[in-house]
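# Working through the structure, step by step
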Amino acid sequence: MRKKRIMIVGPKNSGKTTLVNQINNYKGKLNKTPDVIYGEKTIDVPSAYIENSWMYKHLIALSQDASYIILLVDQTSKEKIYSPGFAKAFNCPVIGAITKIDLMKENEDIAINLLKEAGVLEPYFKISTEMGIGIEELKKHLFLKEEGKGGLI
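What you see is a predicted model; the values in this text were computed from it and never measured.

### Some remarks on the nonpolar core
Among the nonpolar cores identified, the biggest contains 29 residues, and Met7, Val9, Leu59, Ile69, Leu71 and Tyr82 are the most heavily contacted of them. Going through the elements one at a time, strand E1 (5–9), helix H2 (48–51), helix H3 (56–62), strand E4 (66–74), strand E5 (94–99) and helix H4 (108–117) are the ones with two or more residues in this core. In terms of nonpolar packing, the next biggest core, distinct from the first, is built from 16 residues, Ile8, Val20, Ile135 and Leu138 among them.

Shown next as structure tokens:
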């Protein structure tokens, strides 16, 4: 049986790779690439996969190796990223995370509405990798379930 990972999906510059590195406890250099990267605990998906609707089928195929999917919304952007009901296309739980919460706090309601419209259910994790906010709560949510409460394998 293949190891299940957490698939991280989000727009360009939303903090995907930084979050991936923190989930994997990786302290090295950020590696930005146009390729899907399988980490120890994660699948880092390039933003092109959500920016081009013809690539959605590839996202769905990649999700077969995922125990969770985290959809990121960047609080500094008001751009609509995901189509309505986007989260419903996946067979595993989809978690919403709002990144860069230390910036442009006035956009928080917009970010929440973008996740709701995409079909992501609450709770939403509010994260600032720069300030170290929200990462531990997200990891607890993901990995405490792993230890026998029905989450990750």
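### A closer look at H4
Residues of H4 that are buried include every one of Ala111, Ile112, Leu114 and Leu115, and no others. Burial along H4 is one-sided: seen end-on, the buried residues are contained in an arc of 155°. Of the surrounding elements, those touching the buried residues of H4 are E4, E5 and strand E6 (124–126). Count one or two residues on from H4 and you reach Gly119, which has phi positive near 90°.

### As for the packing of aromatic side chains
Throughout the structure, instances matching the rule amount to three aromatic pairs. A ring pair is formed by Tyr56 and Phe86, whose centres lie 5.1 Å apart and whose planes are at 70°; its orientation type is edge-to-face. You can see Tyr56 sitting in helix H3 and its partner Phe86 sitting in the loop between E4 and E5, a full 30 residues away along the chain. The ring of Phe143 has Lys41 lying over it, and the distance from NZ or CZ to the ring centre is 5.0 Å.

### Some thoughts on the environment of Lys126
When you line up the elements, Lys126 lands in strand E6. In this structure, the C-alpha to C-alpha distance between Lys126 and Lys78, residues 48 residues apart in sequence, is 16 Å. Residues in contact with Lys126, not counting those within four places in the same chain, are Ile98, Ile101, Glu108, Ile112, Ile133 and Gly134. In this structure the side chain of Lys126 is engaged in a polar contact, spanning 2.6 Å, whose partner is the side chain of Glu108.

### Examining the confidence of the model for the protein
Summing up the model confidence of the protein, the mean pLDDT is 88 and the portion of residues at 70 or higher is 91%. Per-residue pLDDT stays below 50 along residues 146–153; that stretch engages in 15 contacts with residues further than four places along the chain or on separate chains.

Analysis parameters
Residues numbered from 1 in each chain as written. Predicted model: local features only at pLDDT ≥ 70, side-chain atom pairs only at ≥ 80, totals over all residues. Heavy atoms only, no water. Core = buried A, V, L, I, M, F, W, Y, C linked by side-chain atoms within 4.5 Å. Buried < 20%, exposed > 50% of the residue type's maximum accessible area, 1.4 Å probe, protein only. Helix = DSSP H or I, 4+ residues; strand = E, 2+ residues; numbered from the N terminus. Arc of directions from axis to C-beta. Contact = heavy atoms within 4.5 Å. Phe/Tyr/Trp six-rings, centres within 6.5 Å; stacked < 30°, edge-to-face > 60°. Lys NZ or Arg CZ within 6 Å of the ring centre and 35° of its normal. Polar contact = N/O pair within 3.5 Å; in protein donor to acceptor, adjacent residues only side chain to side chain. pLDDT = per-residue confidence, 0-100.

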